[in-house]
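Observations on the three-dimensional arrangement
For reference, the chains in residue letters:
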Amino acid sequence: MSWNQDSAQKVDSGSKWISAGVEEWMALQETWKRHLVLEPEDLSLTVDMERLFEAFPLIGGLDITPDKKRDNIAYVGLVIMSSKSLEVKYCQTHRATLQTPYVPGFLGFREAPALINAVESLKKEKSDCFPQVLLVDGNGILHPRGFGSACQVGLSLNLPTIGVAKSLLNVDGLNISQIKEQICQQGKRWMPLFGSSKNVLGAALLSNEYVKRPIFVSIGYRIKLLEAINLVFHTCRYRIPEPIRIADQISRQASNRNFC
DNA sequence: GCGACAG
DNA sequence: ATCTTGTCGC
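Residues numbered from 1 in each chain as written. Chains lettered and ligands numbered in written order. Predicted model: local features only at pLDDT ≥ 70, side-chain atom pairs only at ≥ 80, totals over all residues. Heavy atoms only, no water.

Chain A goes by Endonuclease V in an unreviewed UniProt entry, where it is assigned to Galdieria partita. Within the UniProt record for chain A, the comment given under Subcellular location (unreviewed entry) is "Cytoplasm". (UniProt positions renumbered as here; feature names shortened; annotations may be inferred.)

The structure is reproduced here in structure tokens:
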């Protein structure tokens, strides 16, 4: 394996960026992007699901809900389940203080520290539930600079991550209405998303046969797109994969509780 | 300059 | 992200 062992420190070393501006954030994304190892993708291969479950027996889902009153407070939901049986093994919420505002294209700077804290506390609290892969609510390399929040979380934790976005970030000429057309007329459940540079940026998935709005999957860190797609399909009972959907529910509950 | 813009 | 009712369908 050619993964950079000290990646985490390199990402972590940026506590300074909390007070930095968009220019610095851009430069950091460009720098961190170089730590990604993007292997060539053969999307025609067949994935052995049993192998996939062996490689990633526990899958985690992360989501974050902002407090209704306080702009800098949020609640992180972390759910761990068996990737094969979808049995929930761990379910927890964490209160977090957000250090930066949301700026489109820089979601990771707002959310990643809180998400990372939640995962790291799991390692101490219940290490037998520590997952081999994480689903992150947001994009991976399907991003203006190829480094979305899922990459930021994965690189920092040195853990495989998958970005799952509910709407399309317009990058490289990608267009939502074209994608909807194409995915329907092809009669398929998913289609790869190619940038104008002909690289695969991710995939649009129709989670099940009733869903009409696609979700957008891209690799975050240390995983192949085809593996990511198969894991996401397997964990989808509804439009949103179960780990993220439940994480969303519990973080929302926490937000509502603490509001009263 | 204008629009678009994960959560 | 949030503000929001009913309604249709599995």
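Let us look at the overall build of chain A. Within chain A one finds eight helices and eight strands. Over its C-alpha trace chain A gives a radius of gyration of 17 Å, about what one expects of a compact globule, namely 18 Å for 260 residues. Considered along the principal axes of its C-alpha atoms, chain A spans approximately 45 × 40 × 40 Å. Relative to all contacts within chain A whose residues are 6 or more apart in sequence, the contacts with residues 24 or more apart total 67%. Summed over its atoms, the accessible surface of chain A is roughly 12,800 Å², and 49% of this surface lies on carbon and sulfur atoms. (Helix = DSSP H or I, 4+ residues; strand = E, 2+ residues; numbered from the N terminus. Rg over C-alpha atoms; globule rule 2.2 N^0.38 Å. Contact = heavy atoms within 4.5 Å. Areas by Shrake-Rupley, 256 points an atom, 1.4 Å probe, with all protein chains shown as cover.)

Attention now moves to the packing of helix α4 (residues 107-125) against helix α5 (residues 149-157). Where α4 meets α5, the axes come as close as 9 Å, and the angle between the chain directions of the two elements is 40 degrees. It follows that α4 is oblique to α5 by the angle criterion. Seen from above, α4 lies across α5 with right-handed handedness. Contact with α4, carried on its side by Leu107, Gly108, Phe109, Ala112, Leu115, Ile116, Val119 and Glu120, involves Ser149, Gln152, Val153, Ser156 and Leu157 of α5 and no other residues of that element. Looking at the contact of α4 with α5 residue by residue, the classes come out as eight nonpolar, four polar and one charged. (Axes fitted to C-alpha atoms, helices over the stretch in contact; angles between N-to-C directions. Parallel < 35°, antiparallel > 145°, perpendicular 65-115°, else oblique. Left-handed = near helix turned anticlockwise from the far one by under 90°. Nonpolar A, V, L, I, M, F, W, Y, C, P; charged D, E, K, R; others polar.)

We now examine the protein's contact with DNA strand C. Lining the immediate surroundings of DNA strand C are Thr65, Lys166, Tyr210 and Arg252. Atoms of DNA strand C within 4 Å of the protein belong to the sugar or the phosphate in 100% of instances, the rest to bases. Arg252 places a polar side-chain atom, nitrogen or oxygen, 2.7 Å from a phosphate oxygen of DNA strand C. Of the residues contributing to the surface near DNA strand C, the split by class is one nonpolar, one polar and two charged. (Near = heavy atom within 4 Å. Polar contact = N/O pair within 3.5 Å; in protein donor to acceptor, adjacent residues only side chain to side chain.)

Here we come to the sheet that holds strand β3 (residues 88-97). Spatial ordering of the open sheet is given by β3-β2-β1-β4-β5-β8-β7-β6, a layout of eight strands whose pairing is mixed. Edge positions in the open sheet fall to β3 and β6 (190-194), since each of these has one partner strand only. Strand-to-strand twist in this sheet, taken as the mean axis angle between neighbours without regard to direction, amounts to 25 degrees. With nine bridges connecting them, strand β2 (residues 73-82) and β3 associate as antiparallel partners. Across the sheet, Tyr75 pairs through a bridge with Arg95, a residue of β3. Taken strand by strand, α4 contacts β1 (58-66), β2, β3 and β4 (133-137), and its axis lies near 50 degrees from that of β2. Running at roughly 130 degrees to strand β8 (residues 215-221), helix α7 (residues 225-235) makes contact with β1, β4, β5 (161-165), β6, β7 (200-205) and β8 of the sheet. (Pairing = 2+ DSSP bridges.)

Quick look at the confidence of the model for chain A now. Overall, the predicted model of chain A reaches an average pLDDT of 91, with 93% of residues at or above 70. Taken as a whole, residues 1-9 scores under 50 in pLDDT and shows 12 contacts with residues more than four places along the chain or in a different chain. (pLDDT = per-residue confidence, 0-100.)

Near DNA strand B, the surroundings consist of 18 residues, among which Tyr102, Asp137, Asn139, Ser149 and Lys166 are the closest. Each atom of DNA strand B within 4 Å of the protein was classed as base or backbone; sugar and phosphate made up 56%. The separation between a phosphate oxygen of DNA strand B and a polar side-chain atom of Tyr102 is 2.8 Å. Backbone polar atom of Asn139 to a base nitrogen of DNA strand B: 2.9 Å apart, as the coordinates give it. Tallied by class, the residues present in the surface near DNA strand B amount to six nonpolar, eight polar and four charged.

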